[in-house]
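In case you want the letters, here they are:
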Amino acid sequence: MSILEDIEQQINKARLSSTAKNVGRIIEIGDGVARVSGLSDVSSSELVSFPYDIFGLALNLEEDNVGVIIFGDWARLKEGDVCQTTGRILEVPVGENLIGRVVDPLGKPLDGKGSVSTKTFYPAEKIAPGVIYRQRVNTPLQTGLKAIDSMIPIGRGQRELIIGDRGLGKTAICLDTIINQKSKDVICIYVAIGQKTSKIAQVVATLEKHRAMDHTIIVAASASDSATMQYVAPYAGCAIGEYFMDKGKDALVIYDDLSKHAWAYRQVSLLLRRPSGREAYPGDIFYLHSRLLERAAKMADKFGGGSLTALPIIETQAGDLSAYIPTNVISITDGQIYLEAELFNAGIRPAVNPGLSVSRVGGAAQLKMMKQVAGSLRLDLAQYRELATFAQFGSDLDEATLSRLERGKRIVEVLKQPQFTPMDVVSQVVIFWAVNNGYSDSVPVSEVANFQEKILTLLATNKKLKDYLEDKGEIDDFAEKELAKMLGSISGSKPITESTENEKRAQKVHSSVPSKSSVTSVIKKQSVSSVVARKAKSKSRSKSKKKSRR
Amino acid sequence: MIAKKKQIQIAKVMLKNSLSGGLVNSKLVSFVLREVISQRPQGLTKILKVYRRLVENKLKKEEILIESAQKVANQKQLEQEFTKNTGVKRINFKINPKIVFGAKITAGDWIYDATLDAKLNQLTKA
Ligand SMILES: Nc1ncnc2c1ncn2[C@@H]1O[C@H](COP(=O)(O)OP(=O)(O)OP(=O)(O)O)[C@@H](O)[C@H]1O
Ligand SMILES: [Mg+2]
């Protein structure tokens with residue numbers, strides 16, 4: 001074959017054709033939004049290409065002009081510039097090569113580690129998988145945080161909101177969760193929306209320090225990026241996660257945070273002159289977040305069995321859960337983790353409020369052994385809260401109340417956890433088991449942390465028990481015996497076994513039964529007599545009224 | 001805001017009145033202009049600006065621009081074909097040496113590009 005023929009063939013392969021372009025002219029441009037005349041053929045959410053390789057997204061299709069939001073440096077464009085439709089919708093590069101990288105929402109690298117080579121593109125906006133593609137959430141996603149894994153369990157494919165005021169450790173929870181996914185086959189995607197660049201850099205450095213970037217992708221649209229970039233960032237992050245879900249893997253995507261996303265969208269839609277509603281947000285602000293969070297799913301086994309878990313973050317003002325955006329997102333998600341300033345300032349960190357936090361599907365995805373120990377934990381903690389407020393007034397409390405208070409104090413202490421120290425499930429279960437069975441009751445509150453350390457070192461040496469629990473996933477008789485044997489060897493901790501304590505309680509109830517009934521009867525008598533007295537009074541009053549009228 | 005909507009409305013009515021048979025009629029345009037100016041509505045210059053843009057867009061849709069590197073031989077025949085198939089009013093021919101080879105047709109906001117330049121562009125981008 002001659003060289004010329006070769007070239008000829010290549011040209012034929014390229015299939016050169018005459019092109020039909022649909023063009024428009026910029027009428028008006030500013031603040032990242034352009035109004036364009038022409039573009040009669042553009043469809044909604046289609047990419048529009050401008051000079052200098054700048055792209056935009058057609059959002060507003062009006063009778064005689066089109067509102068386009070622009071990615072990148074809009075200041076270079078001017079009135080009269082020609083733009084054209086591309087026939088494409090916004091797509092982001094996805095794939096394994098992105099792992100360990102920091103990219104912008106369009107997939108351009110920001111970490112200076114060279115270009116990202118990916119062959120696959122996913123649309124940023126995609127309809128969420130339908131009912132038949134899904135199955136119920138059934139596998140836990142361990143955050144490694146005792147307070148969350150025990151009381152607010154998160155399952156793979158769930159959407160759990162993290163909500164709280166500024167600086168209460170919302171990001172910290174997510175980072176710990178990412179760090180805990182090390183060697184667990186969960187790809188994490190952290191989407192930073194409208195954050196300070198310094199904070200994003202800090203997040204990257206933290207993850208690198210804990211060797212968590214090997215399974216993490218960071219999608220960043222900082223506060224200095226255009227509102228358009230911030231608007232598409234979560235969708236891009238979601239698309240990257242969907243790729244792994246479609247591959248049958250588990251992915252976790254964190255949106256930090258969606259309040260700023262809502263602000264960015266508000267800015268864009270005000271500039272597009274869309275009608276605004278409450279708090280100047282546009283009418284479709286609810287759909288903005290619901291279509292994003294609906295894309296989190298646990299796929300049915302027939303469709304690969306992958307999952308995409310979403311952890312959106314919302315920042316509240318002064319703990320106000322009933323503001324517009326928080327209520328919206330709470331109603332879309334499968335539960336929320338509520339962080340409270342009071343707890344944070346009291347040194348209870350993570351500052352999770354177990355009363356206001358729920359997980360609406362996670363319970364089904366909790367390991368059996370965790371369920372065994374966490375059930376009474378939540379109850380004990382709730383009772384402690386109630387008694388603690390009550391005990392502030394009363395001075396002499398009976399023994400049962402005191403022991404509950406003491407137990408509660410220790411539970412609170414155990415649930416505290418410093419940053420970047422995620423804990424595996426077995427260790428968590430063993431610690432909770434020890435607390436539930438009274439091994440910590442004789443330990444001073446200030447020593448609980450040490451006590452916990454001791455248990456962990458003991459467990460580290462007891463590989464047999466650890467493997468057994470990991471295998472079985474539940475605490476059976478054998479495990480219980482082994483646990484008792486192991487914990488018995490800790491000096492100074494006298495186990496007050498559940499049975500003896502229960503017996504004591506039962507005895508107390510028995511002895512107080514007659515006195516209780518006599519008290520109630522007295523109360524009844526009192527109330528009856530008081531009612532009679534009241535009636536008599538009212539009668540006499542009415543009589544006196546009649547008299548006075550006469 | 002309301003005033004602006006009103007202005008656009010007025011301009012649209014003006015455009016409607018300056019068409020005859022779906023095409024812009026120069027006599028009607030000057031008549032409409034005289035009428036509006038004599039009535040002196042609020043924001044006259046703004047209305048006229050919008051009107052200008054509307055007429056411009058309308059005119060653009062009515063004419064076709066054919067660009068080529070050299071003078072086209074069968075200009076008359078082409079003209080007939082185009083008017084028959086598209087129903088446009090005017091067909092402008094332009095000689096653009098930058099094209100080198102092929103032709104480029106602009107109709108409203110559509111551009112049909114069959115120039116060598118565009119083909120080379122396709123090659124380099126692919
Ligand atoms: N478990 C913890 N133990 C000790 N300190 C913590 C813990 N969690 C968070 N902190 C500290 O609290 C501070 C705020 O944390 P973080 O930045 O995660 O909060 P945030 O809610 O994401 O804040 P912002 O609203 O600014 O994004 C940090 O200095 C962090 O070190
Ligand atoms: Mg944060």
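Position numbers for residues start from 1 in each chain and track the written sequence from start to end. Chain letters and ligand numbers both follow the written order, the letters beginning at A and the numbers at 1. With the structure being a predicted model, the display of local features is reserved for residues of pLDDT at least 70 and the display and counting of side-chain atom pairs for 80 or more, all residues being used for whole-chain, interface and lining totals. For side-chain calculations, the full set of non-hydrogen atoms in the structure is used, while hydrogens and water are omitted.

- UniProt positions are given in the numbering used here, feature names are shortened, and annotations may be inferred rather than shown by experiment. Looking at the Subcellular location (unreviewed entry) heading of the UniProt record, one finds this comment for chain B: "Membrane".

- By the naming in an unreviewed UniProt entry, chain A is ATP synthase subunit alpha, taken from Candidatus Curtissbacteria bacterium RIFOXYA1_FULL_41_14.
- Recorded under Sequence similarities (unreviewed entry), the UniProt text for chain A is reproduced unchanged: "Belongs to the ATPase alpha/beta chains family."
- UniProt lists a comment for chain A under the heading Catalytic activity (unreviewed entry), and it reads "ATP + H2O + 4 H(+)(in) = ADP + phosphate + 5 H(+)(out)".

### Some details on the interface of chain B and chain A
And then number 1: Contacts are residue-level and defined by heavy atoms, with any inter-residue pair within 4.5 Å sufficient. Opposite the 15 residues of chain B that make contact, chain A presents 19 residues.
And then number 2: Once two parts are brought into contact, the accessible area they lose, counted with a 1.4 Å probe and summed over both, makes up the buried area. Both sides of the chain B and chain A interface together cover about 1600 Å² of buried area, and 53% of this is carbon and sulfur.
And then number 3: Put simply, a salt bridge is a Lys or Arg side-chain nitrogen that is within 4 Å of an Asp or Glu carboxyl oxygen. Across the contact surface, chain B and chain A share three salt bridges.
And then number 4: Note that R53 of chain B is salt-bridged to D64 of chain A, the shortest N-O span being 3.7 Å.
And then number 5: In protein, a polar contact requires one atom able to donate a hydrogen and another able to accept it; more generally it is a pair of N or O atoms within 3.5 Å, and residues adjacent in sequence count only if both atoms are side-chain atoms. Here chain B and chain A share six residue pairs in polar contact (both at pLDDT 80 or more) between them.
And then number 6: In this text, helices come from DSSP runs of H or I with a minimum length of four residues, and strands from runs of E with a minimum of two, each type numbered from the N-terminal end. Secondary structure elements with two or more residues in the side of chain B that touches chain A: helix 1 (2-17), helix 3 (44-62), strand 6 (110-115) and helix 5 (116-125) of chain B.
And then number 7: Element by element, the count of residues in the side of chain B that touches chain A is highest for strand 6 of chain B, at five residues.

### Some remarks on the pattern of salt bridges
All names here are of chain A.
And then number 1: This structure, assessed with the given rule, holds 30 salt bridges over all chains.
And then number 2: Ionic pairing is found between R407 and D380, a salt bridge with its closest N-O pair at 3.8 Å. Of the two residues, R407 sits in helix 11 (residues 399-415) while D380 sits in helix 10 (residues 368-391), which places them 27 residues apart along the sequence.
And then number 3: The classification of residues rests on relative accessible area computed with a 1.4 Å probe and restricted to protein chains. Under 20% of the type maximum is buried, over 50% is exposed, and intermediate values are partly exposed. Looking at D380, the relative accessible area reads 16%, which means it is buried.
And then number 4: What you see here is one network of salt bridges that share partners, running through R134, R159, E294 and D334.

### Overview of the domain arrangement of chain A
Accessible area lost when the parts come together is the quantity often used to give the size of an interface.
All names here are of chain A.
And then number 1: Structurally, chain A comprises domain 1 (21-88), domain 2 (93-365) and domain 3 (370-492).
And then number 2: Each side of the interface is counted separately: domain 2 has 23 residues, and domain 3 has 22 residues.
And then number 3: Of the roughly 2000 Å² buried where domain 2 meets domain 3, counting both sides, 59% is carbon and sulfur surface.
And then number 4: Per-residue buried area on domain 2 facing domain 3 is highest for K146, S150 and M151; these three make up 34% of the total on that side.
And then number 5: Inspection of the domain 2/domain 3 interface yields zero salt bridges.
And then number 6: The tally of links between domain 2 and domain 3 comes to 11 residue pairs in polar contact (both at pLDDT 80 or more).
And then number 7: When residues of the side of domain 2 that touches domain 3 are traced back to their parent elements, those giving at least two are helix 2 (146-151) and helix 3 (170-180). Where a domain begins and ends is set by an automatic assignment or by a domain database.

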